[in-house]
Amino acid sequence: NVFLSMQGYSNFQESYFSVADNICTVNFAARQDGITCYPDLIKISVALDNGSVVLFDACGYLMNHTSRELASPALTAEQAQEKLSPALTPAAEPKLAVVPTTGGGEAFCYEFLCTGTDGEKVLVYLDTQTGLERQLLILLQSDGGTLTI
C-alpha cells in the first residue's frame, strides 16, 4: 500500500497474492466507502531477492474505476446468508463488494467466505438486491499464494 500511495493511488486493499520464480505478485482492489471494488484491480510484482518492483499493472483500475452510485442493499446480510447452499458454512462476517459480471457489467454483492463440506474454502457473491448467486470461487491456498478457480 505504501508503494501505491507513492504512485498516487489510495484506498486499496490486498486481494490475493502468488509467488512464482522468486517474484511475489499482489493484487490490490480499490475501496469505496468500505466496499471492495474488484473490477478496479492493480497488480504489483516484486522481486523477492532485491525488493524491486518488476511489474506495475493498473489497467483494470484505469479501465474500470469510477465513483459508483450503489443502491442500498434490499436484503440484509442475514437474509442473503439464508440463500447460501446448505453445503456451505460461513467462516467470516460477510463483506460488501462490487464484482465483474460475465457480460462486462458489475454487480453489488455480499461476499461470503465459506467452508465447504470437504473443508475447501469458497467465496460466494450474492446480489444485495435479489440474493442471486453472481459468482462462486474456490480458493486454492498453497505456500505459493492463493488462487481462485
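Residues numbered from 1 in each chain as written. Predicted model: local features only at pLDDT ≥ 70, side-chain atom pairs only at ≥ 80, totals over all residues. Heavy atoms only, no water.

**Observations concerning the environment of A87**
Piece 1. With respect to the helices and strands, the residue A87 is situated in the loop between α3 (77-81) and β5 (89-90).
Piece 2. Note on A87: relative accessible area 34%, which makes it partly exposed.
Piece 3. Each C-alpha atom, one on A87 and one on D118, is 9.3 Å from the other, the two residues being 31 residues apart in sequence. (Helix = DSSP H or I, 4+ residues; strand = E, 2+ residues; numbered from the N terminus. Buried < 20%, exposed > 50% of the residue type's maximum accessible area, 1.4 Å probe, protein only.)

**Side note on the layout of surface pockets**
Leftover empty space is mapped by rolling, across the atoms, a probe with the size of a water molecule.
Piece 1. Space inside the largest pocket adds up to approximately 580 Å³.
Piece 2. Lining the largest pocket we find 25 residues, and of these S15, Y38, E111, L123 and Y125 sit closest to its centre.
Piece 3. For the lining of the largest pocket, the secondary-structure elements that each account for two or more residues are β1 (12-20), β3 (35-47), β6 (95-100), β7 (106-115), β8 (121-127), β9 (133-142) and β10 (145-148).
Piece 4. Considered class by class, the residues forming the lining of the largest pocket number 14 nonpolar, 6 polar and 5 charged. (1 Å grid on protein atoms, 1.4 Å probe; cavity = no way out; pocket = protein on both sides within 12 Å on 5 of 7 lines; lining within 4 Å. Points joined across faces, edges and corners; volume = space filled by probe spheres on them. Nonpolar A, V, L, I, M, F, W, Y, C, P; charged D, E, K, R; others polar.)

**Details of unusual backbone geometry**
Piece 1. In the Ramachandran plot, N22 falls in the positive-phi region, its phi being about 65 degrees despite a non-glycine side chain.
Piece 2. Here N22 shows up in the loop between β1 and β2 (23-32).
Piece 3. In this model, D33 sits at a positive phi of 55 degrees, which is unusual for a non-glycine residue.
Piece 4. By secondary structure assignment, the location of D33 is in the loop between β2 and β3.

**Describing the pattern of salt bridges**
Piece 1. Taken as a whole and judged by the stated rule, the model has 3 salt bridges.
Piece 2. With a shortest N-O distance of 2.8 Å, D40 and R68 are connected by a salt bridge. Residue D40 is located in strand β3, and its partner R68 is located in the loop between α2 (59-64) and α3; the two are separated by 28 residues in the primary sequence.
Piece 3. Exposure remark for R68: the relative accessible area of 7% places this residue in the buried category.
Piece 4. With a shortest N-O distance of 3.1 Å, R134 and D127 are connected by a salt bridge.
Piece 5. Through salt bridges that share partners, D40, R68 and E106 make up one connected network. (Salt bridge = Lys/Arg side-chain N within 4 Å of Asp/Glu carboxyl O.)

**Points about the pairing of β3**
Piece 1. Among the 13 residues of β3, 10 are classified as buried, and the element is accordingly described as predominantly covered.
Piece 2. Relative to β3, β2 runs antiparallel, the two sharing 10 bridges. Bridge pairing in β3 links C24 to V46.
Piece 3. Taken together, the 2 bridges between β3 and β6 define a ladder with parallel strand orientation. For C37, the partnering residue across the bridge sits in β6 and is V98.
Piece 4. Both β3 and strand β4 (residues 53-57) contribute to a ladder of 4 bridges, which runs antiparallel. Directly across from S45, in β4, lies its bridge partner L55.
Piece 5. Taken together, β3 and the strand that follows it, β4, pair antiparallel across an intervening segment of 5 residues, in which G51 is found at a positive phi of about 80 degrees. (Pairing = 2+ DSSP bridges.)

**Some thoughts on the nonpolar core**
Piece 1. Within the largest apolar cluster, 11 residues are counted, these being L4, Y9, F12, C24, V26, F28, A30, I42, I44, A58 and Y61.
Piece 2. If you list the elements that add at least two residues to this core, you get β2 and β3.
Piece 3. Element by element, the count of residues in this core is highest for β2, at 4 residues.
Piece 4. If near-sequence neighbours (up to four positions away) are discounted, F12 is found in contact with N1, L4, F28, A29, A30, R31, D40, I42 and Y61.
Piece 5. The next biggest cluster of nonpolar side chains, apart from the first, holds 10 residues, and it includes A77, L84, F112 and C114. (Core = buried A, V, L, I, M, F, W, Y, C linked by side-chain atoms within 4.5 Å. Contact = heavy atoms within 4.5 Å.)

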